[in-house]
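Understanding the architecture of this molecule
These are the residues of each chain, in order.
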Amino acid sequence: MIRTALITGITGQDGYYLSRLLLEKGYRVIGLVAPQRRNNIVKLGNLIEQIEIYPVALTDAVALLEVVEQFRPDEIYNLAAPSFVPDSWNDPLGTLDLITGSATRLLAAIHQLGLTTRVFEASSSEMFGQVDHAPQDENTPFRPMNPYAAAKLHAHWMMVHHRQRYGLFACSGILYNHESPLRLPNFVTRKVSLAAASIKLGLSDRLEMGNLQAKRDWGYAGDYVEAIWRMLQTNTPEDYVIGTGQLHSVQNLVETAFGCLDLDWTRYVSIDSKFIRSDEHFQLVANPAKAKRDLGWQPQMTFAKLIEEMVLTDLDRLRSGLIAPAVPQQP
Ligand code: G4F
C-alpha cells in the first residue's frame, strides 16, 4: 500500500530533504507551494518530476480543506513558515497568521473531515527564548522573545490541544538550527560559507557580521528530516527536542569555514552593529535524549563536516557560475 504524504513549504530546505527521504521510502509526495512563489519549485531540482505540486495559500482555509479532502494523506508535514527571525518584527500579525493560522487550519481540516492523518509541526528552539538553564528538553519552560517564536509557540500548543481534545496524531519537533548547502544566504551559516568561497575566488574581500560570541546548536537538515519522519512512525504522538547537544559560537563557525579554504578570517571579517540582535539568548542547546531513546535517532553529520560541505558546495557553484558572489546584506 503506497502511503501519501502532504508537505507544506516543499520548496524550502527541509522540504527538499524530507521529500527526498519520503520518495526513497516509496511515498507518494504532494507538495503545497504559495501561489506567488510557484516558481520556487525549481529548487526541488531532480525531485520535481516525482512530486505532485499544488499552489495553495495556507491562509485559505477552504483551499486547504479541499486539498486535504482530495488526497486524504496518511501524513502531513507542516514545514511552511517565514523563518528568518528578525523579519518577524516587521510584520508580527502576518507572522502569526502564517505560522499559527496555517497550523490551526490544517488541524481543523483533519478534524472536520474525521481523518486519521498523522501531522507533524515544525516547532522551534526559539520558543525557549530567554532560557535559565542549558541544555533544554521537552520539559523546559517556554519564554519566547520575538513574534516568530511567539507564533511558533502558539502553533505548538495548537498541536498539543488537538491531540488532547480530539485524539489527533499530532506532534511537534522542537527543532534547533539546522543547515545545509540549501540554506538561504541571510542565515548565518550560509552567509559565512558563501562569503568565504567568494573571498577565496577573489570575488569579494570582506564579510560584515553581527555578534561573533552568539552561540547556536547547529545540525544538518538531512539528519533532522529523519527524526521528523520517525516521529510520525511511533505508536503514540509526542513532542521531541531535536538538536545535536553541542554549542558553537559564530566565531567558531567563521574560523571553521575560512579554515577549510586556508584563509585567515581576521583579515576579512568586521563587525557591523546592524547585524547584532538585542533580543536573543545564546544558550539555546538541545538535550535530545528523548529522541535518541524513543526514536533511535542520532545526528550523523558533525559540525565541521557540515560547514566544510557548505563551503565547498558554494565554491563549486561560484566556479561554475551557478550563483552570484556574496554581497553586503541588510539584516
Ligand atoms: O542563522 P540565524 O539567522 O538563525 P536563527 O535566528 O538562530 O534562526 C534559525 O534557527 C531557529 C531555530 O531552529 C529557527 F527557528 C529559525 O527559523 C531559523 O531557522 O542566526 C544564528 C545566530 C544568531 O545568534 C545571530 O544573532 O547567528 C547570529 N549572527 C551573528 N552575526 C548572525 C550574524 N546571524 C545572521 N543571520 N547574520 C549575521 O551577520
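Residues numbered from 1 in each chain as written. Predicted model: local features only at pLDDT ≥ 70, side-chain atom pairs only at ≥ 80, totals over all residues. Heavy atoms only, no water.

The subject of this paragraph is empty space enclosed by the protein. If you walk through the whole model with that rule in mind, you get one cavity of 30 Å³ or more. Approximately 50 Å³ is the volume attributed to the largest cavity. Along the walls of the largest cavity sit Glu126, Gly129, Gln130, Met145, Asn146, Arg216, Asp279, Glu280, His281 and Leu284, which together make up its complete lining. Counting contributing residues, the lining of the largest cavity receives three or more from each of domain 1 (4-175) and domain 2 (184-217 + 247-284 + 301-320). (1 Å grid on protein atoms, 1.4 Å probe; cavity = no way out; pocket = protein on both sides within 12 Å on 5 of 7 lines; lining within 4 Å. Points joined across faces, edges and corners; volume = space filled by probe spheres on them. Domains from an automatic or database assignment.)

Turning our attention to the environment of Val254. The topology assignment puts Val254 in helix H7 (residues 250-260). By relative accessible area, Val254 is classed as buried at 0%. Taking C-alpha positions, Val254 is 45 Å from Leu65, a pair spaced 189 residues apart along the chain. (Helix = DSSP H or I, 4+ residues; strand = E, 2+ residues; numbered from the N terminus. Buried < 20%, exposed > 50% of the residue type's maximum accessible area, 1.4 Å probe, protein only.)

Attention now moves to the pairing of strand E2 (residues 28-33). Counting buried positions along E2 gives five out of six residues, so the element sits mostly inside the fold. Direction of pairing for strand E1 (residues 4-8) relative to E2: parallel, over a ladder of five bridges. Bridge pairing links Ile7 to Gly31 in E2. At this point the chain moves from E1, through helix H1 (residues 13-24), to the parallel E2, and the crossover so formed is right-handed. The sheet contact formed by E2 and strand E3 (residues 51-55) spans five bridges and is parallel. Its bridge partner being in E3, Leu32 is matched across the sheet by Tyr54. (Pairing = 2+ DSSP bridges. Right-handed = clockwise from strand over helix to strand, strands pointing away.)

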